[in-house]
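# Survey of secondary and tertiary structure
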Amino acid sequence: MTAQRALDCNPCVVWRWTSCAPDAPAQARTALRCALVELDFDCEVISDAVLAVSELVTNATRYAPGPYEMRLRRTATEVICEVEDHNPRIPEIPDFPAEAPYAPSEENRGGGLDALCALLSERGRGLHIVHELTNGAWGFYSQASTKIVWFALPCTRGRSGPR
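Rules and cut-offs
Residues numbered from 1 in each chain as written. Predicted model: local features only at pLDDT ≥ 70, side-chain atom pairs only at ≥ 80, totals over all residues. Heavy atoms only, no water. Axes fitted to C-alpha atoms, helices over the stretch in contact; angles between N-to-C directions. Helix = DSSP H or I, 4+ residues; strand = E, 2+ residues; numbered from the N terminus. Left-handed = near helix turned anticlockwise from the far one by under 90°. Contact = heavy atoms within 4.5 Å. Nonpolar A, V, L, I, M, F, W, Y, C, P; charged D, E, K, R; others polar. Buried < 20%, exposed > 50% of the residue type's maximum accessible area, 1.4 Å probe, protein only. Expected span 1.5 Å × (residues − 1). Arc of directions from axis to C-beta.

So, on to the packing of helix α2 (residues 24-38) against helix α3 (residues 43-63). Where α2 contacts α3, the axes come no closer than 8 Å and their chain directions differ by 145°. As for the relative orientation of α2 and α3, their crossing is right-handed in sense. Side by side, α2 and α3 meet where Ala24, Pro25, Ala28, Arg29, Leu32, Arg33, Leu36 and Val37 of the first sit next to Ile46, Ser47, Ala49, Val50, Val53, Ser54, Val57, Thr58 and Thr61 of the second. In terms of residue class, the contact of α2 with α3 is made up of 11 nonpolar, 4 polar and 2 charged.

Have a look at this one:
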């Protein structure tokens, strides 16, 4: 069955993993890339989606118990990518800046190595990245003992989305 036909039957599991899975974000990127290529999304949309899912999978495996699942489902206007974990708590959503994220600020200049390390910290940027990559089309919801984080990919005809 092709991914196109499978998506017509809500939702389609793309990948399942546990906390023991080696390099889960890389495996999620590969699985999602393969599904989106088969669904005929263009390269730019695929690149943004695999980066966004990498952030969501990293958060799930870092902060929530498994097992985990990545699914795709279709609505009339979009394909939704969902990442499910077994922590129903919705995290506190960080404030998103009005200006471009991560622009240098004067108060962080000249602060030495500690200030540079704080500025370049890898933590705390994931949801900002997802927000930018999806143009704000993402969110969370809880069901019983699980949480689902999702983002939407618009469906348009031609090489920018599934037919």
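Turning next to the environment of Gly136. Tracing the backbone shows Gly136 in the loop between α5 (126-133) and β4 (138-143). Accessibility expressed as a relative area gives 32% for Gly136, which makes it partly exposed. Considering only alpha carbons, one finds Gly136 and Ala152, 16 residues apart in sequence, at a separation of 9.1 Å.

The end-to-end C-alpha distance of α2, which contains 15 residues, comes to 21 Å, matching closely the 21 Å that a straight helix rising 1.5 Å per residue would cover. Of the positions making up α2, those classed as buried are Ala24, Pro25, Ala28, Ala31, Leu32, Ala35 and Leu36. Seen end-on, α2 carries its buried residues on one side only, within an arc spanning 130°. Exposed and oriented more than 90 degrees from the buried face of α2 are Cys34 and Val37. Phi for Asp40, located one or two positions after α2, is positive at around 70°.

What follows deals with the environment of Asp85. In this fold, Asp85 is placed in strand β3 (residues 78-85). The class for Asp85 is buried, based on a relative accessible area of 3%. With 26 residues separating them along the chain, Asp85 and Asn59 place their C-alpha atoms 9.7 Å apart. If we ignore the near neighbours within four places in the chain, the residues touching Asp85 are Ala60, Ala64, Pro65, Pro67, Tyr68, Ser145, Thr146 and Lys147.

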